[in-house]
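In case you want the letters, here they are:
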Amino acid sequence: MTRLRMLLAGLAALLLVAVGASGAPAVTVRQDFDPATVERLDTAITDVMERAGIPGVDVGLWIPGRGTYEKSFGVSDKESGVPMKSDLHMRIGSVTKTFTITGLLRLVDRGEIGLADPVSRYVERVPNGDGITLRQLAGMRSGLYNYTDADAWSKSLLEDPERTYTPRQLLDYAFAHPPNFPPDAKWEYSNTNTVLLGLVIEKVTGRPLGAELEQQVYEPLDLEETSFPTSAAMPEPYARGYTDYSPTGATTTGATVDATHWNPSWAWAAGAMISSLEDLHTWVPALADGRLLEAATQKQRLDFGPTGYPDVSYGLGIMRVNDWIGHNGELPGYETLAVQLPSEDATLVILINSDADYEGMSLSTLIGHAITSVVTPDHVIDLPSAPQSNPRSPKPSHT
């Protein structure tokens, strides 16, 4: 949806200002739900923000026949106190995987690759490469070591958060370790898988991954505020992002540092992208209904397999949590949850400008749990910490 259409759609909406977390204004773009539900949502979100010390949140909830709830809470800049707004760009972490895998599946539909192809056909020097298929990479069943679990990678990022990594350098961190298990033996989240698929896309198309995704994914859906960065720069306007990790390691006082311009190249195809609330509002339904893919390909994508965690399953670059499908994402300074509940055609997007976990839980899961407890009590988002899209930055156990 273009910004002009977004504005036209909001002409009949209410524009309200209330008091949000930390005394900052909460700006409502639209709230068509009944007043009692709006009050419960406001309370649930601000309670989590105050408890977890979240600086700012953008929330979009769209349920046909029930209502629309678009609201920004808190601040986009802790130093200046500028309020959060719904048109700000933020880093979306592992939601990037949904775009990368869609780009891959578009190649499947064009007959240029097959999901049963071994990755060794496209990328050299992959352990077990002859026995690992593109499908297993997309479904997190390759067994390849996750480079963001490597102590050497953690040390390098903390020493220089502005460093630029190449995809091959990321793979070198992974391939310095033996695979964790044989291909398809079980499910295990690994950023290594999606980096490899990004290289497959570049090998087949002869184009940079960002350019291919722009042509094959962003442009068909008019995603004007979505991008694949090649530097640490953020497009204007943007929210500043805060993390509880610094180049000297984890903070011990609960303090945070500004990670807005930490270079996301370390996440590349697995987590480097930038987007906005309205673009993700457009993207999530398209991801869920497969409008960019052939029906048979989308059916394969949504063939969710077990992860070993209750109510959590995984397809091809897409997760299912208590019937909500989509993805979450974390990287230094930002968290995202972008999901749809097909049974109600409900779309939920949450963007947060912090990744400082609260009592071991990601902030996006906490906010998602609070919202869905109000509006879809039979389908509450409760993502355990283990299968979340971490590490978004080095944890104490990884350093």
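Our subject is the structure that appears above.
Model, not experiment: these values are computed from the prediction.

About the cut-offs
Residues numbered from 1 in each chain as written. Predicted model: local features only at pLDDT ≥ 70, side-chain atom pairs only at ≥ 80, totals over all residues. Heavy atoms only, no water. Helix = DSSP H or I, 4+ residues; strand = E, 2+ residues; numbered from the N terminus. Buried < 20%, exposed > 50% of the residue type's maximum accessible area, 1.4 Å probe, protein only. Contact = heavy atoms within 4.5 Å. Expected span 1.5 Å × (residues − 1). 1 Å grid on protein atoms, 1.4 Å probe; cavity = no way out; pocket = protein on both sides within 12 Å on 5 of 7 lines; lining within 4 Å. Points joined across faces, edges and corners; volume = space filled by probe spheres on them. Nonpolar A, V, L, I, M, F, W, Y, C, P; charged D, E, K, R; others polar. Phe/Tyr/Trp six-rings, centres within 6.5 Å; stacked < 30°, edge-to-face > 60°. Lys NZ or Arg CZ within 6 Å of the ring centre and 35° of its normal. Salt bridge = Lys/Arg side-chain N within 4 Å of Asp/Glu carboxyl O. Axes fitted to C-alpha atoms, helices over the stretch in contact; angles between N-to-C directions. Parallel < 35°, antiparallel > 145°, perpendicular 65-115°, else oblique. Left-handed = near helix turned anticlockwise from the far one by under 90°.

S.K.: Looking at this model, I keep getting lost on the overall build of the chain. Mind explaining?
M.R.: Of regular secondary structure, the chain possesses 12 helices and 16 strands. For the chain, the residues scored as buried account for 62% of the 399 residues in total. Looking at the chain alone, contacts between residues at least 24 apart form 67% of all its contacts between residues at least 6 apart.

S.K.: It is not clear to me how helix α7 (residues 191-205) should be interpreted in this structure. Could you clarify?
M.R.: An α-helical turn contains 3.6 residues, so any two residues separated by three or four positions project in the same direction. Counted at 1.5 Å a residue, the expected span for α7 with its 15 residues is 21 Å, and the 22 Å between its end C-alpha atoms agrees. With 12 of 15 residues buried, α7 is to be regarded as a mostly interior element. Inspection of α7 places Asn 191, Thr 192, Asn 193, Thr 194, Val 195, Leu 196, Leu 197, Gly 198, Leu 199, Val 200, Ile 201 and Thr 205 among the buried residues, and these make up the whole buried set. Its buried side turned inward, α7 meets α3 (96-109), α4 (134-138), α6 (167-175), α8 (209-221) and α9 (268-271). Positive phi appears at Gly 206, one or two residues downstream of α7, with a value of about 70°.

S.K.: How do you make sense of α3 when you look at a structure like this?
M.R.: For α3, which comprises 14 residues, the first-to-last C-alpha distance of 20 Å matches the rise-based estimate of 20 Å (1.5 Å per residue) to within 8%. Among the 14 residues of α3, 13 are classified as buried, and the element is accordingly described as predominantly covered. Phi turns positive, to about 75°, at Gly 111, one or two residues after α3.

S.K.: Sorry, what's going on with the layout of surface pockets here?
M.R.: Over the atoms rolls a probe the size of a water molecule, and in doing so it shows where empty space is left. For the second largest pocket, the calculated volume is near 330 Å³. Surrounding the second largest pocket, 21 residues form its lining, Gly 210, Phe 228, Pro 229, Thr 230 and Trp 268 being those nearest its centre. No other element matches α8, which puts 5 residues into the lining of the second largest pocket. Here the lining of the second largest pocket is built from residues that sort into 10 nonpolar, 9 polar and 2 charged.

S.K.: Help me understand the packing of aromatic side chains in this model?
M.R.: Aromatic ring pairs are reported here in terms of the distance separating the ring centres and the angle at which the planes meet. Under the defined criterion, the tally for this structure stands at 9 aromatic pairs. An aromatic cluster is defined as three or more aromatic residues linked by ring pairs; in this entry it consists of Phe 99, Tyr 218 and Trp 283. Over the ring of Tyr 242 we find Lys 78, and its NZ or CZ is 4.9 Å from the ring centre.

S.K.: Looking at this structure, how should I read the pattern of salt bridges?
M.R.: Pairing between side chains of opposite charge can happen when their charged atoms approach one another. Summed over the entire model, instances satisfying the criterion amount to 11 salt bridges. Residue Arg 110 pairs with Glu 112 through a salt bridge whose shortest N-O separation is 2.8 Å. You can call Glu 112 partly exposed: its relative accessible area is 37%. Across the pair Asp 289 and Arg 291 runs a salt bridge whose closest N-O atoms are separated by 2.6 Å. Judged by relative accessible area, Asp 289 falls into the partly exposed class, the value being 42%. The class for Arg 291 is partly exposed, based on a relative accessible area of 47%.

S.K.: Even after reading the chapter, I still don't get the packing of helix α2 (residues 35-52) against helix α12 (residues 363-375), so can you show me in this structure?
M.R.: Helix-helix packing is described using two parameters, namely the angle between the two axes and the distance between the axes. At a minimum axis separation of 9 Å, α2 and α12 run at an interaxial angle of 155°. Relative to α12, the element α2 lies roughly antiparallel. In the crossing of α2 with α12, the sense of the turn from one axis to the other is right-handed. Across the interface between the two elements, Thr 37, Arg 40, Leu 41, Ala 44, Ile 45, Val 48, Met 49 and Ala 52 from α2 touch Leu 363, Leu 366, Ile 367, Ala 370, Ile 371, Ser 373, Val 374 and Val 375 from α12.

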